[in-house]
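Remarks on the overall topology
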Amino acid sequence: MDEIVEAFDALPFEEGKPSMIVAHTVKAKGLKEGEGKASYHYWNPSKEDCDALEKDLMEQLRGYEDEI
């Protein structure tokens, strides 16, 4: 996140010219079923899917409680 903030703080890169930031990210990062799959950009999850995903993500976050 620090790198993103630094990039935005540096805008514009050259006065009077358009700037572009390319972010190399992982689609659906942290979702076991969707990580890295382009189809998750337009996926329409059911309520049950959302509940299961929320449970899974909360379990993943438990290891970071001291960092948050």
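Above: the structure in question.
The following refers to the structure shown. Predicted model, so just to flag it, every value in this text is computed and none were measured. (Residues numbered from 1 in each chain as written. Predicted model: local features only at pLDDT ≥ 70, side-chain atom pairs only at ≥ 80, totals over all residues. Heavy atoms only, no water.)

1. Remarks on the pattern of salt bridges
It is possible for side chains bearing opposite charge to pair when their charged atoms get close. Enumeration according to the criterion identifies 3 salt bridges in this entry. Residue Glu-14 is joined to Lys-17 by a salt bridge in which the shortest nitrogen-to-oxygen separation is 3.5 Å. Its salt-bridge partner being Lys-29, residue Glu-35 comes within 3.5 Å of it at the nearest N-O pair. The class of Glu-35 is partly exposed, set by a relative accessible area of 36%. (Salt bridge = Lys/Arg side-chain N within 4 Å of Asp/Glu carboxyl O. Buried < 20%, exposed > 50% of the residue type's maximum accessible area, 1.4 Å probe, protein only.)

2. Quick notes on the packing of aromatic side chains
Tallying each qualifying case throughout the model produces 1 aromatic pair. When the centroid spacing of 4.6 Å and the interplanar angle of 40° are considered together, the rings of Tyr-40 and Trp-43 count as tilted. Among the residues examined, Trp-43 registers a relative accessible area of 32% and is labelled partly exposed. (Phe/Tyr/Trp six-rings, centres within 6.5 Å; stacked < 30°, edge-to-face > 60°.)

3. Observations regarding unusual backbone geometry
Residue Pro-12 is bonded to the preceding Leu-11 through a cis peptide linkage, with omega at -10°. With respect to the helices and strands, Pro-12 occurs in the loop between helix 1 (2-9) and helix 2 (47-61). Within the chain, Ala-28 stands out as a residue other than glycine whose phi angle is a positive 55°. Inspection of the secondary structure puts Ala-28 in the loop between helix 1 and helix 2. Its relative accessible area of 23% is what places Ala-28 among the partly exposed residues. (Helix = DSSP H or I, 4+ residues; strand = E, 2+ residues; numbered from the N terminus.)

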